[in-house]
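Coordinates in review
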Amino acid sequence: MNPGPLQRLGEIGQSVWRVGFRRRLLTSGLLARGMTEDNIRGVILDAGSLGRVMAGSGDYDELLRDLSRRRPPEGAAARAIFVDDARAVAQVLLPTYEQLEGRDGFVTVDVDPSAALETVALLADARALWQAIDRPNAMIAVPATPAGIPAIRDLLAAGINVYASRIGTLARYHDVLEAWTTALEARAAAGRPLQGVASVAGFSLQLIDAQIDPFLDRLIAGGGSTADRAVYVRGQAGIATARLAYQAHKEASVSPRLLELLARGAQPQRLLWREMRARHADEVDVRYVDALVAPETVAALDDSVVQAYREHGHPAVRIEEDLGGARRTLDQLKEFGLDVDRIAAEAEADRIRAEQARIRRLDAAAAARTEISEAYMDSQQMDLGGAAAAAADRVKALAADDFGVRLWRKDASLWTADRKGQAVIANALGWLRVVDAMHDALGELEAFRRDVHAAGIRHVVHMGMGGSSLAPLVFQRTLREGADGLPLTVLDTTDPATVLAIERALPLEHTLFIVASKSGTTAEPNAFGEYFFDKVHRRVGDRAGAQFVAITDPGTPLVALAAQRQFRRTFLNFADIGGRYSALSYFGLVPAVLMGADVAGLIDRARVMEAACAAAVPAPENPGVRLGAALGELASRGRDKVTFLMPSSIDTLGMWLEQLIAESTGKEGRGLLPVAGETPGEPSVYGHDRVFVQIKLAGERDGALDAATARLRDAGQPLITITMQDRLELAQEFYRWEIATATAGAVIGINPFDQPNVQESKDNTNRLLAAVREKGALPDEAPVLSDGALRFYGKVNGSSSQAILKELLAGASDGHYVAMQAYLTESPETDRALQAIRLRIRDARRVATTVGYGPRFLHSTGQFHKGGPNTGMFLQLTADDREDAALPGEPYGFSVFKAAQALGDFQALQQHGRRALRVHLGGDVSKGLARLEEMIKVALEG
């Protein structure tokens, strides 16, 4: 078997150290597996990842219970965990350490960051940590700050292994190198052995670029020749610094001082590269690793980079390529007036403060858990009744199939044996690790918000459809606007009244418009963009582009348009994330940042759930896998209607869940139908095809909802209860349900990452609009029947409106559903009327009902309607628009666009043999809906 890319790094002489650790890596065998398969030769313990693990899983419950009995002093709980982890990992790595005669096999632990600015405190803490771990292959991580340099020297002189961390400049590396040399010379002079004293000098590459690139971005935005030169060096400072550091390392290694030390048995101090995730979606994700392959160095990689390099790394010694370019990069930064040393010093201070805060949070969390001495309890509870045993067996089967590990390794065979389908899936799983990338981008996003505010922007309109707009809609309707945030409006309908209302309500010359489309070709956001760009251009002329932002994948037509029109910013999203899985990417978080939401808190919550659902977590303890297994197993037993019950304060989450679940699973005649917004009724109005999911918000008691769910549980209906501690846990739920949906897809036996039937309605719409361009109007249809202002269309029979409706609803029985598709202006009054109709149908026929506004649902439940089981009855509702909004460059406006979308989807339903009826309500929607409800009442009673 040929060695993989990570093993080939080892053959070259570069070690791979894993960044981040959790206890499950030992108990699951994944650390040992990584040592065998991925060239893992060391582990760097990390406070951030440990905090997320502790919050999201039970990894440390046993140790915490033990700590509660020992009652450590205040502030010592986190240290106790680090020491215990270090000792355990050191034991696993000890054979490697001994086999390589102390040249590798280390576990590193950070000193307390609160001591990082004072040498005496650093020394005392490092010595205490070394003694507590008491393992020869431990290595104490000391920040290479001005206070840390003498501490590094003295620790090495005392024979303590040191990882000199957070190096950001060549000058600081020379300080570290001198400290190492001086320390070993002192040992030699004192007659102490040099063998067995190990050290690495670690560069934080992404930290370097993260501090410098924002300066370059501002130069690029200014245009001209300076912008061209800034583009050349953007994202290159980290690699350039590392390459020149390697040259300094080589030169030092042949100096008389170092040759003397090496002759006496000293080990060379190796260079270590850390923080190697690519920062931008248009960058190769392994570019840092590939660029810095070199013998006698260490690549410190987190899980995401290990996975990426395992898949498509290209190991070869490249570190000495283009040294002239590296020097020019740093020279160019000086010409731009950037003081790299000063920038690095500021970043150093910021990082230390962040680490201090992280340790305080970790210690508080550990102390709190030791005080209550209770095992970790997930916020997800399942009462599955008679299906509980089968669901548990399904979880066991997934565990036996190594589902969690294979999911995180992007094993597409979990869902399909088709090679083409597997290729699609392999490029659709970027959402698994996107929260780490967005955590890295948080500073950039905050800087953008400040820039927008400083430019005089006072409102934001986010324009998208489906996956590009539903998460922003959830944030806008659920989270509070921050003190320095901007009011956010989400436009995701082609309804002309809605478009005109936004235009008339906002100061267009002070509004930022976001055009959001993964493909860059989605018809609706492109139409919104054209409409409002024209309106803004009429007011501010050629400065209009400064009020527009694009969010799209790299290389799309929208990227080119944004460049042509000089948009204020283009955010390139990750191409390996599908639209409905993009909530925690730029599509969801850019508008959230602009409205002043606590995006750092959102990311933290999502990372907790990421830790809870990680590969190392056994399937029976993995909340996302358990949830997906239950839903998939229940669906196989006929309970395929996932009915969400939640308070009004968070009920917009149901709209997001509708798209994720329906579009992911509704295909090949199978699927899960999400039912959101359906007011709970008595148990007698439900059939045997339901599973209920109650999502609660701690602190918000809804007695009526709790009572209704209790009655359902008592009646034997399966009930899953999830409790959110606060609204920021929306991000946690996004992640939980993405894992669950992927898992349910595997159980059901479908590919949850494609949407084969969505394009059909789009194609029909495009054909109809082409006819409008050619003939000036949509095709004229004759109604089957007219009843006053109401007109009925479709392949239905009946001599009266009641007869037609009765025929449509005649087949509605247990296992079926009725979908109301409302191509109407969204309003509270219309909402109430639609709800009244759906509940009347549900209570009379005991079937699930859904309501979706068009065209939004086309990018949501529309896939299920055509690709799912043929158990639906479809009632499409249209009306006359009182006013239209013309589309620039087109012979039609939004009214015709919306009508074409309705007709196109209706034709797609008919092509799939679905039972569908279109009712045109005329010019008065309120009266039309009231009349329709009365007709349905008579039809149901007849």
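Since the structure is predicted, the reported quantities are computational estimates derived from the model, not experimental observations.

Quick look at the overall build of the chain
Of regular secondary structure, the chain possesses 38 helices and 24 strands. Its C-alpha radius of gyration of 30 Å places the chain within 12% of the 30 Å reference for a compact globule of 942 residues. In terms of its C-alpha atoms, the chain occupies a principal-axis envelope of roughly 110 × 65 × 55 Å. Within the span of the chain, comprising 942 residues, buried residues form 60% of the whole. Of the roughly 34,600 Å² that the chain leaves accessible, carbon and sulfur atoms contribute 50%. Taking the average place of the 107 positive charges on the side chains of the chain and the average place of its 120 negative ones, the gap between the two points comes to 2 Å.

Description of the confidence of the model for the chain
Averaged over every residue, the pLDDT of the chain is 92; the share at 70 or more is 98%. Counting interchain partners and residues more than four positions distant, the pLDDT-below-50 stretch residues 371-376 has twelve contacts.

Section: unusual backbone geometry
Here the amide bond leading from Gly854 into Pro855 is cis, since omega sits at 5 degrees, within 30 degrees of zero. Looking at the element boundaries, Pro855 is found in the loop between strand 22 (848-853) and helix 36 (862-867). Positive phi outside glycine occurs at Glu101, with the angle close to 55 degrees. Its identity is not glycine, yet Arg166 carries a phi of approximately 65 degrees, on the positive side. Residue position: Arg166 is located in strand 5 (residues 162-167).

Re the packing of helix 28 (residues 599-612) against helix 32 (residues 730-748)
Packing of helix 28 against helix 32 leaves a shortest axis separation of 7 Å and a crossing angle of 35 degrees. For the pair helix 28 and helix 32, the sense of crossing is right-handed. In this structure, helix 28 uses Leu602, Arg605, Ala606, Val608, Met609 and Glu610 to contact helix 32, whose residues at the interface are Ala731, Gln732, Tyr735 and Arg736. Of the residues that constitute the contact of helix 28 with helix 32, the class distribution is six nonpolar, one polar and three charged.

Some thoughts on helix 23 (residues 470-478)
The element helix 23 is extensively covered by neighbouring structure, given that seven of its nine residues are classed as buried. Here helix 23 has its buried residues at Leu470, Ala471, Pro472, Leu473, Val474, Phe475 and Thr478. Taken together, the buried residues of helix 23 touch strand 10 (459-463), strand 11 (488-491), helix 27 (586-594), helix 28, helix 30 (653-665) and helix 32.

Focus: helix 9 (residues 170-189)
Counted at 1.5 Å a residue, the expected span for helix 9 with its 20 residues is 28 Å, and the 28 Å between its end C-alpha atoms agrees. Those residues of helix 9 not exposed but buried are Arg172, Tyr173, Val176, Leu177, Ala179, Trp180, Thr181, Ala183, Leu184, Arg187 and Ala188. Where helix 9 terminates, the next one or two residues include Gly191, which has phi positive at roughly 75 degrees.

What to know about the sheet that holds strand 14 (residues 569-572)
Reading across the sheet, the five strands line up as 11-10-12-13-14 and stay open at both edges, with parallel pairing between neighbours. The two strands at the open ends of the sheet, each matched to only one other strand, are strand 11 and strand 14. On average, each strand axis in the sheet is inclined to that of its neighbour by 20 degrees, with strand direction left out of account. Strand direction decides the pairing type here: strand 10 and strand 12 (residues 511-516), joined by five bridges, are parallel. Each residue of the ladder has a partner; that of His459, found in strand 12, is Thr511. On top of the sheet, helix 23 reaches strand 10 and strand 11; it is set at about 145 degrees to strand 11, its chief contact. Docked against the sheet, helix 27 engages strand 10, strand 11, strand 12, strand 13 (548-552) and strand 14, running at close to 150 degrees with respect to strand 13.

A closer look at the environment of Gln356
With respect to the helices and strands, Gln356 occurs in helix 17 (residues 340-372). Along the primary structure Gln356 and Ala128 are separated by 228 residues, whereas in three dimensions their C-alpha atoms are 18 Å apart. The residues contacting Gln356, other than those within four sequence positions of it, are Pro113 and Ser114.

What to know about the side chain of Arg187
Within the element layout of this structure, Arg187 appears in helix 9. We note that Arg187 is buried and unpaired, the nearest opposite charge coming from Asp154 at a distance of 11 Å. Excluding its chain neighbours within four sequence positions, the residues that come into contact with Arg187 are Leu156, Ala157, Ala158, Gly159, Arg192, Pro193, Leu194 and Val197.

Focus on the pattern of salt bridges
If you walk through the whole model with that rule in mind, you get 69 salt bridges. For Arg234, the salt bridge goes to Asp217, with nearest N and O atoms at 2.6 Å. Taken as a pair, Arg234 in the loop between helix 11 (224-233) and helix 12 (237-253) and Asp217 in helix 10 (residues 205-222) lie far apart in primary sequence, 17 residues in all. For Arg234, a relative accessible area of 24% puts it in the partly exposed group. Glu700 is the salt-bridge partner of Arg727, the closest N and O atoms lying 3.1 Å from each other. Of this pair, Arg727 sits in the loop between strand 18 (719-724) and helix 32 while Glu700 sits in the loop between strand 17 (690-697) and helix 31 (703-714), placing them 27 residues apart in sequence.

Things to note about the environment of Pro855
Its relative accessible area of 0% is what places Pro855 among the buried residues. Distance in space between the C-alpha atoms of Pro855 and Thr494 is 7.0 Å, their sequence separation being 361 residues.

The rules behind these values
Residues numbered from 1 in each chain as written. Predicted model: local features only at pLDDT ≥ 70, side-chain atom pairs only at ≥ 80, totals over all residues. Heavy atoms only, no water. Helix = DSSP H or I, 4+ residues; strand = E, 2+ residues; numbered from the N terminus. Rg over C-alpha atoms; globule rule 2.2 N^0.38 Å. Buried < 20%, exposed > 50% of the residue type's maximum accessible area, 1.4 Å probe, protein only. Areas by Shrake-Rupley, 256 points an atom, 1.4 Å probe, with all protein chains shown as cover. Lys, Arg positive; Asp, Glu negative; His and termini not counted. Charge placed at Lys NZ, Arg CZ, Asp CG, Glu CD. pLDDT = per-residue confidence, 0-100. Contact = heavy atoms within 4.5 Å. Axes fitted to C-alpha atoms, helices over the stretch in contact; angles between N-to-C directions. Left-handed = near helix turned anticlockwise from the far one by under 90°. Nonpolar A, V, L, I, M, F, W, Y, C, P; charged D, E, K, R; others polar. Expected span 1.5 Å × (residues − 1). Pairing = 2+ DSSP bridges. Salt bridge = Lys/Arg side-chain N within 4 Å of Asp/Glu carboxyl O.

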